[in-house]
Amino acid sequence: MDINTVIADLEAIVGPQHVLRSRAERAVYGYDASVFRGTELLAVVLPTTAEQISRLVVWCRDHGVPYVARGTGTGISGGAIPTHGGVVIELALMNQVLEVDLANRLAVVQPGVVNQDLKRSVQQHGYAYTYVPDPGSQVVSTIGGNVATNAGGMHCLKYGITGNHILGLEMVLPDGDIVTVGGKAVDQPGADLTGLLVGSEGTLGIVTKIIVRLLQMPEAVTTHLALFKTVDDAANTVSGIISSGLLPAAMELLDKSIMQAVDKAVHIGFPAEAGAALIIELDGFSDDMARNADRVAEVCKTHDVISFETEEGIEAGQRLWLSRRAAFGAMARLDTDVYIVDGCVPRTQLPEALRRVTAIAERYDLPIVNVAHAGDGNLHPSIPFSKRRAGDIERVLEAGREILEACVELGGSITGEHGVGMEKQNEMTLMFTPTELQVMRRIKLAHDPDDLCNPKKIFPLSMLAEAAS
Ligand SMILES: Cc1cc2nc3c(=O)[nH]c(=O)nc-3n(C[C@H](O)[C@H](O)[C@H](O)COP(=O)(O)OP(=O)(O)OC[C@H]3O[C@@H](n4cnc5c(N)ncnc54)[C@H](O)[C@@H]3O)c2cc1C
């Protein structure tokens, strides 16, 4: 296909100012926040309406061109990376909060709205309600990307992941049809298509409008920083708190190596004997807060806590949250690259999972630092490495695979929140039988018979090769 004809066709749909074609611009879109890189693409288009997206996918179908939707490219599994060339459909210009309806506790947004901007927009209507899901990337990732990956976050322990907050979607299907699933009313007849599409990683269509649920802000919040000698003590405390009958809003764990990195970056001053930290946030009615904080402190004591600090209110709590929020930035000091593994186990298996992570790190002679959405049993062992050192990336990916194998052996999952993308296609066989994978594949091909919509992601490469032969 002549590239000038391609560009002319795309410009006719979205306007010349909304097509990026220079080599440098296209190169940027070959990456996301993962360690992977895509193939050369034809162009990047920035549509402003669902109708334009519909025309774009019909053009792609008619010309056999693959395409991939993109939010802000903060994904860590390569989901938004074009693996087969084609067109990137960047949703950044569809960034309007269309409606905030406090009486019905919902908002309607375009997919390119940044998570934190939605929260701010809701708060402009008064502080009673908020949109809860808060991935660590909330200052930059989009609601469309959050929906497509079914993103988790710090407060998902108590309030659930993105999918629990989505009431309905407008989507452009791969045949160009614009459909609405779910809606503003509480109960929708028929199969739960919203549930099917949330987390489908842009492989079943492109989300163009999202109805989100708003929840009441808690009356009171306290934040606690508990330091322990060992990771085992911290991890056992997590299960201890929940089995005592308390459900904190968040429980995040840091191990000694990431605490040291964070300390160098933001100077927290952790004592030398601290081997793990838990950040625990409680929320609820003011009258209950002191009693619940005492109960948490009691559980921490039974696991030999070294120190226990408390801050009251969201603003004051930020001091204690700093070590967690600075964690990913601090990793940048450890080497030129970092591979962030995303696995999940039942929370009672967290101590064993983290022991296995340490053993794997030792066997591969790799430095691994650990942060975890501990309340959810969601581990992020992170491996600093350098793509410039020969053999590093292969060793790192191999260690990552072993960590995921361990998670599955312990009754968990190969992903807690980042999705499968191109990173964990082959690890899908650790969790699903060939028949189960075929069921998923049939759903994909029923929506997208030409396999052009974010193609060749999620499914094991061996399965895709077999189907192609
Ligand atoms: C520092 C840091 C912290 C992070 N913390 C968390 C965390 O706590 N929890 C968590 O879950 N993730 C986290 N992430 C990962 C990432 O931010 C999330 O996966 C996020 O949801 C991706 O949003 P995005 O807008 O960047 O999407 P992108 O990376 O652009 O795309 C992600 C996927 O969504 C698809 N997609 C995007 N928009 C659409 C659309 N409109 N329609 C259909 N498909 C679409 C893409 O094709 C791709 O498959 C973190 C990332 C970083 C860098």
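Basis of the calculations
Residues numbered from 1 in each chain as written. Predicted model: local features only at pLDDT ≥ 70, side-chain atom pairs only at ≥ 80, totals over all residues. Near = placed C-beta within 6 Å. Helix = DSSP H or I, 4+ residues; strand = E, 2+ residues; numbered from the N terminus. Nonpolar A, V, L, I, M, F, W, Y, C, P; charged D, E, K, R; others polar. Domains from an automatic or database assignment. Core = buried A, V, L, I, M, F, W, Y, C linked by C-beta atoms within 7 Å. Buried ≥ 20, exposed ≤ 12 C-beta atoms within 10 Å, placed from the backbone. Contact = placed C-beta atoms within 7 Å. Pairing = 2+ DSSP bridges. Axes fitted to C-alpha atoms, helices over the stretch in contact; angles between N-to-C directions. Expected span 1.5 Å × (residues − 1). Parallel < 35°, antiparallel > 145°, perpendicular 65-115°, else oblique. Left-handed = near helix turned anticlockwise from the far one by under 90°.

Topic: the site of the ligand
Around the ligand, the surrounding shell holds 36 residues, and the nearest of these are G71, G75, G79, G145 and G202. Secondary-structure elements contributing two or more residues to the shell around the ligand are β3 (67–70), α5 (143–149) and β10 (206–213). Looking at which element gives the most residues to the shell around the ligand, the answer is α5, with 5 residues. For the shell around the ligand, the per-class residue count stands at 13 nonpolar, 19 polar and 4 charged. If you count residues domain by domain, the shell around the ligand takes at least three from each of domain 1 (3–90) and domain 2 (97–216).

Here's the deal with the nonpolar core
If you look at the biggest cluster of nonpolar residues, it comprises 67 residues, and the most contacted ones within it are L253, I258, A277 and L278. Not counting residues up to four positions away in its chain, the partners in contact with A277 are L225, L227, L254, M259 and S323. Grouped together as the second largest cluster of nonpolar side chains are 57 residues, Y29, L91, L204 and I211 included.

Looking at the pairing of strand β18 (residues 369–373)
Among the 5 residues that make up β18, 5 are buried, leaving the element largely enclosed by the rest of the structure. The alternating pattern of β18 places V369, V371 and H373 and N370 and A372 on opposite faces, both of which are buried. In this structure, strand β13 (residues 250–255) lies alongside β18, joined through 2 bridges in antiparallel fashion. Across the sheet, the residue bridging to L254 is V371, located in β18. Bridge analysis of β18 against strand β19 (residues 378–385) gives 5 bridges, and the strand direction is antiparallel. Residue pairing for β19: V371 is matched across the bridge by H380. The turn linking β18 back onto β19 is made up of 4 residues, and G377 within it adopts a positive phi angle of 70 degrees.

Concerning the sheet that holds β3
Sheet strands pair by backbone hydrogen bonding; their relative direction is either parallel or antiparallel. Read across the sheet, 4 strands follow the order β1-β2-β4-β3 without closing on themselves; strand pairing throughout is mixed. For this open sheet the edge positions go to β1 (19–20) and β3, each flanked by a neighbour on one side alone. Summarising the sheet, β1 and strand β2 (residues 43–45) pair through 2 bridges and their orientation is antiparallel. In the strand pairing of β2, V19 is matched with V45. In the packing of helix α3 (residues 50–63) onto the sheet, the strands contacted are β2, β3 and β4 (87–90), and the crossing angle to β4 comes to about 170 degrees.

Examining the domain arrangement of the protein
The extent of an interface is frequently quoted as the accessible surface area lost upon association of the parts. By the assigned domains, the protein splits into domain 1 (3–90), domain 2 (97–216), domain 3 (220–328), domain 4 (338–370 + 382–409) and domain 5 (433–468). Here domain 3 and domain 5 have C-alpha centroids that lie 43 Å from each other.

Here's the deal with the sheet that holds strand β5 (residues 97–101)
Pairing within the open sheet is antiparallel, and its 5 strands lie in the order β5-β6-β10-β8-β9. Two strands in the sheet have a free side with no partner beyond their single neighbour: β5 and β9 (178–182). Along the sheet, successive strands turn relative to each other by an average axial angle of 10 degrees, direction set aside. Where strand β6 (residues 106–109) meets β10, 4 bridges bridge the pair, whose relative direction is antiparallel. When the sheet's bridge partners are listed, A107 is paired in β10 with V212. In the packing of α3 onto the sheet, contacts are made with β8 (166–172), β9 and β10, and the angle to β8 comes to roughly 50 degrees. Packed onto the sheet, helix α4 (residues 115–123) meets β5 and β6 and runs at close to 45 degrees relative to β5.

Remarks on helix α8 (residues 231–243)
Counted at 1.5 Å a residue, the expected span for α8 with its 13 residues is 18 Å, and the 19 Å between its end C-alpha atoms agrees. Every buried residue of α8 is listed here: V231, D233, A234, A235, T237, V238, S239 and I241. Of the surrounding secondary structure, the elements contacted by the buried residues of α8 are β12 (220–228), β13, β14 (276–284), α10 (286–302) and α13 (350–364). G245 lies just past α8 and shows a positive phi near 100 degrees.

Concerning the packing of α8 against α10
For the pair α8 and α10, the least separation of the axes is 9 Å and the interaxial angle reads 140 degrees. In terms of their interaxial angle, α8 and α10 are classed as oblique. The handedness of the crossing between α8 and α10 comes out as right-handed. Listed contacts from α10 to T237, G240 and I241 of α8 are V296, V299, C300 and T302. Residue composition of the contact of α8 with α10, grouped by class: 4 nonpolar, 3 polar and no charged.

Considering the pairing of β5
Note: β5 against β6, 4 bridges, orientation antiparallel. Looking across to β6, one finds that E99 is bridged to V108.

Description of the environment of E90
As for its position among the elements, E90 is in strand β4. In this structure E90 comes out as buried when scored by C-beta crowding, with 22 C-beta atoms within 10 Å. It is 4.8 Å that separates the C-alpha atoms of E90 and R70, two residues lying 20 residues apart in sequence. Non-local contacts of E90, meaning those with residues more than four positions away in its chain, are made with V44, V45, L46 and R70.

Things to note about unusual backbone geometry
Within the chain, H267 stands out as a residue other than glycine whose phi angle is a positive 55 degrees. Tracing the chain through its elements places H267 in the loop between α9 (256–266) and β14. In this structure H267 comes out as exposed when scored by C-beta crowding, with 9 C-beta atoms within 10 Å. For D451, which is not a glycine, the phi torsion comes out positive at approximately 50 degrees. Looking at the element boundaries, D451 is found in the loop between α16 (434–447) and α17 (461–468). Residue class for D451 comes out buried when judged on the 20 C-beta atoms lying within 10 Å of it.

With respect to the packing of α8 against α13
Two elements in contact, α8 and α13, have axes separated by 8 Å at closest approach and are oriented at 150 degrees. Looking at the two axes, α8 sits roughly antiparallel to α13. Crossing geometry of α8 relative to α13 is assigned as right-handed. Packed against α8, whose contacting residues are V231, D232, A235, N236 and V238, the element α13 presents L350, P351 and L354 at the interface. The class makeup of the residues in the contact of α8 with α13 is 6 nonpolar, 1 polar and 1 charged.

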